[in-house]
Each structure stands twice: as C-alpha cells, then as structure tokens.
Amino acid sequence: MLGLDRKDTRLLIFVVLLALCAPFLLNPFPTESAMAQFNAGYPDLMQRFAIYGIFAIGFNILFGLTGYLSFGHAAFLGVGSYSTVWMFKLLSYNIVPGIILSVIVAGLFALLIGFISLRRSGIYFSILTLAFAQMSFALAYSVLTPITNGETGLQVYTDDPQYLQSVGSPNVPNLFGIVMRDTYTLDVGAWSFDFNNGYYFCAILMLIAFYLSIRIYRSPFGLMLRAVKSNQQRMNYTGLSTRPYTLAAFVISGMYAGLAGGLLASMDPLAGAERMQWTASGEVVLMTILGGVGTLIGPILGAGFIKYFENIFSKINDATLHSWFGFLPEGLENAVVWILEHFVGAGWHLTLGLLFMLVVIFLPGGLVEGGQKLAAFVTRRGSDKKDKTSGSTEPAE
Amino acid sequence: MSILEVKNVSKNFGGLKALSNVNLSVVENTVHAIIGPNGAGKSTLLNCFVGKLIPDTGSVMFDGQSVLGRHPFEINQMGISRVFQTPEIFGDLTVIENMLIPIFAKRDGSFRMHALETVANEAEIIEQAEQVLEEMNMADKLHMHSAALSRGDKRRLEIGMCLSQEPRLLLLDEPTAGMARADTNNTIDLLKRIKDERDITIAIIEHDMHVVFSLAERITVLAQGTPLVEDTPENIKIHPKVREAYLGESV
C-alpha cells in the first residue's frame, strides 16, 4: 500500500491507530481517581507528543541514517517558530502560510549551516553545529531583537498589521476557521477524553512525516545515506560524492525541525529564543537514542517517552508523595518521601538520566530493541505452551 | 594501445623522495604488475592514479584524459575502480546492499536525489547485483551482514563491487595480503577468470611473487621511487638487476 511493503504498511497502520486513538490511550484512568495524575491525554501534552515526534523523526533521518550527530537542531526549531509567528503578525491567524514558511526558512537555514558544518565529520561536525545553534540563540537575544523581540519572545499584538485577517475569522491560530485550541470533551462514566483540533492537525502532519521517512529509508537515497555512515572511503571510490548526500539529509532533517517549530507556534502563538538553546538540541538527541537510533518508530517512542516524563513526573510534589506513603510509620514515611522527592518534581531530570543510562547500557538499540526482546520472549513462551495464543503485536521496527 | 600513461611523476613528502621520474604505461586488456621492496613507492604511485595524492610533477593520463586534480569519485566515474589492501566494504549493510550501491552509482552518477523511489522496485539493478554475486560464488550469502563475512569473502565482495561497475581499469592493492594460502589461490583463480571473461585492464601491486607470476603479463619493478626495469614475467625472473635489488636469493 502507498508504495510500502507489507511489514512497513503494518507499521504505518499501527502508528496511525496509535495517533488517532491517543486521546483514549493516554487517559486510561478515571478523572477523579488517584491515578488521574498519570493521565497524559490533555491537549497541550498530546500536541507536544506529535510535534516532538516530527522533530525526532527528522533528526533520525540525519543521525540514524548518516551517523552525523548534530547538536544544533533546536536552531531550526526556533527559526520555524519565529517564521510562523511573523506570518501571524503580518498576514493572519491562519496557520497554513506560517507553517509553509517555517519549513522553507528552516530548510534554507539548514542549507547554510550544513554547507559549512559538513566540511568536517565526527565530533568536529557536532561542535560546529552546536556553535551555530548557540550563536543563533545569542543573536536572537541581542542583535536580532527587532526580529525576535528578545527576552519577551515574539508574539502577536493588537496593533500588528495582519493584512489578511478578515473581520469574522477567529482571533487565535486557526486552520481556515477551525480553531486549534478548541477541544471536544467526551465523558464516558468516570472517564473523560479530550479531542483537540490542534492535536489532530499535528498528528496528521506527523503521520505524513512518518510516512515520508519510511519512503526515504527504503529508497536508493536512504541506502546511500546508510552507506555514508558505514564507509565514506568506499563511497568515494565507488563514484559517489558524499557531501551532497549528507547535505540533503541535513536539509531534510532541518525542514522537519522547522515544521515542528512552526507547529509549536501554531498551537501557542509565541516564540522565544530558549527554544533554540543547546538543551533543546540535546533533548532531541536523547529522544532519538532512547527510542532507537536508525529505527523507524524509535524516535516517536522516544519523543513520547521523554515528553511524558517531563510533564507527568515533574507534576508530582511532596504532598502527592506524602499521600502515597501515608500508610507508613511517620519516620519511615518522611525518609521515603525525602529520598523520592529528589526524583520527581523539579528533579525529574534525575529520573530521566537514570532511565537513559539503563537504556543505553542494557538496550543499546533503545526502546525498539526492548520491544523486540519482549516480543521474542512472548513468542518463545507462546510456542512453548501451544495452547496459549500469542497476543503480541509489537512492531519489528 | 596504452590505457594508463604515467609520465615523469615525482612526489616528495617533506625531504623524502617517494617517487622520482616515474614513467609507466599500462596496455589495454593486460594484467600489469608493479612490484618492489617495502618503501619503493608502489602505494604512493597507486594513490596518484585514483586522486588520493597529486604528484608534484608529471602527468597521469587515463584514456587520453588527465586524472590529476580530480576527486576520487570523479576518477571512478571515468572508469577506474580500486580494490584496497584491507577490504573496504560497507560493513553495516548486507551483502546484496553492498552490491547495489556501485550499480546505482554507475547508473545514476555521483549524486541523485531519489528519495521517493524504492530499492525493492529496482528489479533490473537487483538482478544485476545477484548475477555478480553468483559469479563471486556468494549467492548463498545475499542477506548476510557483510561485516560477518570471512576475509576471503570480503575480498571477493569488494572485487565484485568493483566489477559490477564494469570499469575499464581495475586497480588492485595487494589483493591477497594477510590471506591464507587457500584463500590466496581462490583469489588468483577468480582474477584469472575475470581477466579471461571480461574486457578489462588490471594493474596490480603485490608482494607475493606467486600471485604476481601467476597473473601478470607485464611487470614493472620499482625501487627507491624509480622504475628499475619493465618486462615480461619470464625476463623479470632472470634479470640480474632485479634479483639483486629485490628478489634476492629466493628465486
């Protein structure tokens, strides 16, 4: 289907179902229950899952296929956000022009940075991209303030021209009148599920981005990118020029990042320079490695995993912990809470760091490898006891 | 008719004279061996043919065109393929993928943005790759990870990758270095077959005299960066200067 073989089609359908049913899957606990704080099915977070999924898929096209580790991809994310907000300011709150511009501008910016950075490989390439991103970050705060609005962040003001904004159309980001932040809430018994326009818009774009990445992986172009990672010397002596291939991969992944940035601004019409900081570049590296470098679905899993922890673990505070461990004797309760509070709330990075270490040490292939091992284990168990039917639907890649 | 014409090539590395005034001519459809003791400048000379080094003086012409100043990928596209001393293959890819890459390079040139085509749909190229692997006796290893191949298989794969591009000149840099005797003999047989079945010129650098005398039709002996003598294998064997400079008492 759609030029994919059966295995890839299955994977695509799996991701489509995951994306469409996300409001259900992410809200498994009743609203009033104690577990409700682990629900992740609220619009803002679901949008982030999809957007950072796009960011990581694009990053993986560069890092997973060619092996070039960019430490400056957040710069493209930031540029995308700025472009979109500028379109809001100049044209209208319709998100289409902004998103198109964000992809184009990020692509051009990636062409420039890639052209220079790709003269080196390995650690030197990483440092060059990091330097460019930090320069962009610093410029956004200083010289470029007229464009970026400095520390305040770029936003839409009432006296902005908005030449194409018609009287009747909504005064918030919308897609031809469909307001991005509108949410339909479905209550089923004790449960409630949010269906948000913005999330579905992002999810559809993520699915397109994912589909395109599968096509790239299976194309001769993708094969060449994997050859770059494997042996550049052999490539050169096989009549292939490596530089255009790496540059093309860099620009494509920059455009994915620009799209992600544009979507971030479309969901919340605000763009700040902190989106370009090196921590944001580092985050997408973590997402890709955690999910599985060079795998198709890995980056999506990694992005979801990290965004979930960032938003859910950071919400847990002392009071929550005390209520969980209230059944323990007073002294013990305080001790347990004292230990655990370092891992939640503002300390969620500690938990993430530990998990990252565990994954890198025990599952070098990321969560995807974990899934494969689990699937293999279940299949083995299943074939041992033939009466038991194996119910595993874990994707192979 | 000579296909590779080397004239007055010199190359210095700092104060070291690696090559001085090398003149060499490789005749089309022959196997030409370049031999010489360690440090004679064999590898330096080969690197001047493929664009890795640019000689200080002189010219290197392939089929009437200069190769100097061109990138390795451009020289390959002109019709020169090179086999390395340690097999250079795409270790992360499978055997069949390794073989597809040079065929794509031959068809599509040094760069093409075919991002929305599908490898699996390129029936013609896949068939061609399978044919070459068949010829290399590797048809049963199509989907093996190429890093897991034996040394001899890696070498055969590399030679196959070069041949799949149907080059006019094949450069071999010590193709049997570090191989067991059986593997060496297999490689010799393979190269003999290639020479008989194809219109191809082979230039080979080799230490192993057994390999050289089984294959070469013409031999150039290099010593201290200069060609000592160029002749047929029979004459080289008995040439007093060569015996003195290189072969010593072993022949």
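This one's a predicted model, so the numbers in the text were calculated from it and none came from an experiment. Within each chain, residues carry numbers counting from 1 in the order of the written sequence. The naming scheme follows written order: chains are lettered A onward, ligands numbered 1 onward. The model is predicted, so local features are restricted to residues of pLDDT at least 70 and side-chain atom pairs to those at 80 or more, both for listing and for counting; the totals for chains, interfaces and linings are taken over all residues. For the side-chain quantities, the full set of heavy atoms in the structure was used; hydrogens and water were omitted.

Q: So what exactly am I meant to see when it comes to the overall build of chain B here?
A: Think of it this way: any DSSP run of H or I at least four residues long counts as a helix, any run of E at least two long counts as a strand, and we number them from the N terminus. Counting secondary structure elements, chain B contains nine helices and 10 strands. Every radius of gyration here is taken over C-alpha atoms, with the globule rule written as 2.2 Å times N^0.38, N being the number of residues. Scaling as 2.2 N^0.38, a compact globule of 251 residues should have a C-alpha radius of gyration of about 18 Å, and chain B matches this with 19 Å. Projected onto the principal axes, the alpha-carbon positions of chain B cover approximately 60 × 40 × 35 Å. Evaluated residue by residue, chain B yields a buried proportion of 54% over its 251 residues. When contacts within chain B are restricted to residue pairs at least 6 apart in sequence, long-range pairs at least 24 apart make up 67% of them. Method for areas: the Shrake-Rupley scheme with a 1.4 Å probe, in which residue coverage is limited to the protein chains shown. For chain B, the computed accessible surface area is about 10,800 Å², with 48% contributed by carbon and sulfur atoms. All tallies of charge rest on Lys and Arg as positive and Asp and Glu as negative; His and the ends of each chain are not included. Note that the charge is assigned to NZ on lysines, CZ on arginines, CG on aspartates and CD on glutamates. Averaging the positions of the 25 positive and the 35 negative side-chain charges in chain B gives two centres separated by 6 Å. Burial here depends on accessible area, computed with a 1.4 Å probe over protein chains only, as a share of the maximum for the residue type. Under 20% is buried, over 50% is exposed, and the range in between is partly exposed. Note on contacts: a residue pair qualifies if any of its non-hydrogen atoms lie within 4.5 Å across the two residues.

Q: I keep staring at helix 6 (residues 181-197) of chain B and nothing clicks. Help me out?
A: Note on helix geometry: an α-helix contains 3.6 residues per turn, so any two residues three or four positions apart are oriented the same way. Residue and element names in this part refer to chain B. To estimate how far a helix should extend, the number of its residues minus one is multiplied by 1.5 Å. Spanning 17 residues, helix 6 covers 24 Å between terminal C-alpha atoms, matching the ideal 24 Å at 1.5 Å per step. Of the positions making up helix 6, those classed as buried are Thr 184, Thr 187, Ile 188, Leu 190, Leu 191 and Ile 194. Along the axis of helix 6, the buried positions cluster into a sector of 165°, meaning they face one direction only. In helix 6, the exposed residues that point more than 90 degrees away from the buried face are Ala 182, Asp 196 and Glu 197. Where the residues of helix 6 are buried, they touch helix 4 (123-135), helix 5 (151-163), strand 7 (169-173) and helix 7 (209-215). This arc corresponds to the set of directions leading from the helix axis out to the C-beta atoms.

Q: In this structure, what is going on with the packing of aromatic side chains? I would like to understand it.
A: The geometry of an aromatic ring pair is captured by the separation of the ring centres together with the interplanar angle, meaning the angle of the planes. All names here are of chain A. Geometry of aromatic contacts follows a simple scheme: Phe, Tyr and Trp rings, the Trp one being its six-membered ring, pair when their centres are within 6.5 Å, and the pair is stacked under 30 degrees between planes, edge-to-face over 60, tilted otherwise. Overall, the coordinates contain 20 aromatic pairs over all chains when judged by the stated rule. Seen from their ring centres, Phe 24 and Phe 195 are 5.4 Å apart, and the 70° between their planes marks the pair as edge-to-face. Here Phe 24, found in helix 2 (residues 22-25), pairs with Phe 195, found in strand 5 (residues 191-196); they are 171 residues apart in sequence, far enough to count as distant. Here Phe 24 falls in the partly exposed class, since its relative accessible area comes to 37%.

Q: Sorry, what's going on with the sheet that holds strand 7 of chain B here?
A: Backbone-to-backbone hydrogen bonds join strands into a sheet, with any given pair of strands oriented parallel or antiparallel. All names here are of chain B. When DSSP finds at least two bridges between two strands, those strands are taken to pair. Taken together, six strands build an open sheet; the order of strands is 6-7-8-3-9-10 and the sheet is mixed. For this open sheet the edge positions go to strand 6 (80-83) and strand 10 (226-231), each flanked by a neighbour on one side alone. Within the sheet, the average angular offset between the axes of one strand and its neighbour, ignoring direction, is 20°. Inspection of the sheet shows strand 7 paired to strand 8 (residues 201-205) by five bridges, in the parallel sense. With axes taken as lines fitted to C-alpha atoms, and helix axes fitted only over the stretch in contact, angles between N-to-C directions fall between 0 and 180 degrees.

Q: Would you mind showing me how to read the pairing of strand 7 of chain B here?
A: For a regular strand, side chains alternate in direction, first toward one face of the sheet and then toward the other. All names here are of chain B. A large share of strand 7 lies buried, amounting to five of its five residues. Pairing between strand 6 and strand 7: four bridges, direction parallel. Within the sheet, the bridge partner assigned to Ser 81 lies in strand 7 and is Leu 170. Think of it like this: strands point away, you trace from the first strand over the helix to the second, and a clockwise trace means the crossover is right-handed. One crossover worth recording links strand 7 to the parallel strand 8 by way of helix 6, and it is right-handed.

Q: Is there a simple way to think about a nonpolar patch on the surface in this case?
A: Where nonpolar side chains cluster on the molecular surface, the patch consists of Leu 350, Leu 354, Met 357, Leu 358, Ile 361 and Phe 362 of chain A and spans about 610 Å² of accessible area. Mapped onto the elements of the fold, Leu 358 of chain A is located in helix 16 (residues 348-362). Residues forming no salt bridge and having over 30% relative accessible area are the ones grouped into patches, like charges within 9 Å of each other and nonpolar side chains (Val, Leu, Ile, Met, Phe, Trp, Tyr) within 5 Å. Should a side-chain nitrogen of Lys or Arg be within 4 Å of a carboxyl oxygen of Asp or Glu, the pair is scored as a salt bridge.

Q: Where do I start with the environment of Lys 141 of chain B in this structure?
A: Checked against the element boundaries, Lys 141 of chain B lands in the loop between helix 4 and helix 5. Among residues more than four places away in sequence, those in contact with Lys 141 of chain B are Val 95, Leu 149 and Asp 153 of chain B.

Q: Help me out: how do you make sense of the interface of chain B and chain A in this one?
A: The figure often quoted for interface size is the accessible area lost as the parts come together. On the side of chain A, 28 residues touch chain B, which itself brings 37 residues to the contact. By buried area we mean the combined loss of accessible area, with a 1.4 Å probe, across both parts when two parts are placed together. Together chain B and chain A conceal approximately 2,800 Å² of surface at their shared face, both sides included; 64% is due to carbon and sulfur atoms. Viewed at the interface, chain A and chain B are joined by two salt bridges. Where Arg 226 of chain A meets Glu 97 of chain B, a salt bridge forms, and the shortest distance between an N and an O atom there is 3.0 Å. N or O atoms within 3.5 Å of each other form a polar contact, as long as, within protein, one can give a hydrogen and the other can take it, and as long as residues adjacent in sequence are counted only when both atoms are side-chain atoms. On the surface where chain B and chain A come into contact, there are 19 residue pairs in polar contact (both at pLDDT 80 or more). Looking at the side of chain B that touches chain A, the elements with two or more residues in it are helix 2 (72-78), strand 6, helix 3 (95-108) and helix 5 of chain B.

Q: Sorry if this is basic, but what is going on with the sheet that holds strand 2 (residues 16-27) of chain B here?
A: Residue and element names in this part refer to chain B. Strand order across the open sheet formed by four strands is 2-1-4-5, with antiparallel pairing between neighbours. Edge positions in the open sheet fall to strand 2 and strand 5 (65-66), since each of these has one partner strand only. In this structure, strand 1 (residues 2-13) lies alongside strand 2, joined through eight bridges in antiparallel fashion. By the bridge assignment, Glu 5 is partnered in strand 2 with Ser 25.

Q: Where do I start with the confidence of the model for chain B in this structure?
A: Should pLDDT be low for a region, the predicted coordinates there are not to be read in detail. Per-residue confidence from the predictor is reported as pLDDT, a score between 0 and 100. For chain B, the average pLDDT comes to 90, and 97% of its residues sit at 70 or higher. No element of chain B has a lower mean pLDDT than helix 9 (residues 240-247) of chain B, at 72, and none a higher one than helix 3 of chain B, at 96.

Q: So what exactly am I meant to see when it comes to the pattern of salt bridges here?
A: It is possible for side chains of opposite charge to pair when their charged atoms get near one another. Taken as a whole, this structure holds 22 salt bridges over all chains when the rule is applied. The closest approach of N and O atoms between Glu 283 of chain A and Lys 307 of chain A, which form a salt bridge, is 3.4 Å. Of the two residues, Glu 283 of chain A sits in helix 12 (residues 278-291) while Lys 307 of chain A sits in helix 13 (residues 298-312), which places them 24 residues apart along the sequence. Grouping residues by exposure puts Glu 283 of chain A and Lys 307 of chain A together as buried. Arg 112 of chain B is the salt-bridge partner of Glu 117 of chain B, the closest N and O atoms lying 2.8 Å from each other. Salt bridges linked by common partners bring Arg 107, Asp 108, Arg 112, Glu 117 and Glu 122 of chain B together as one network.

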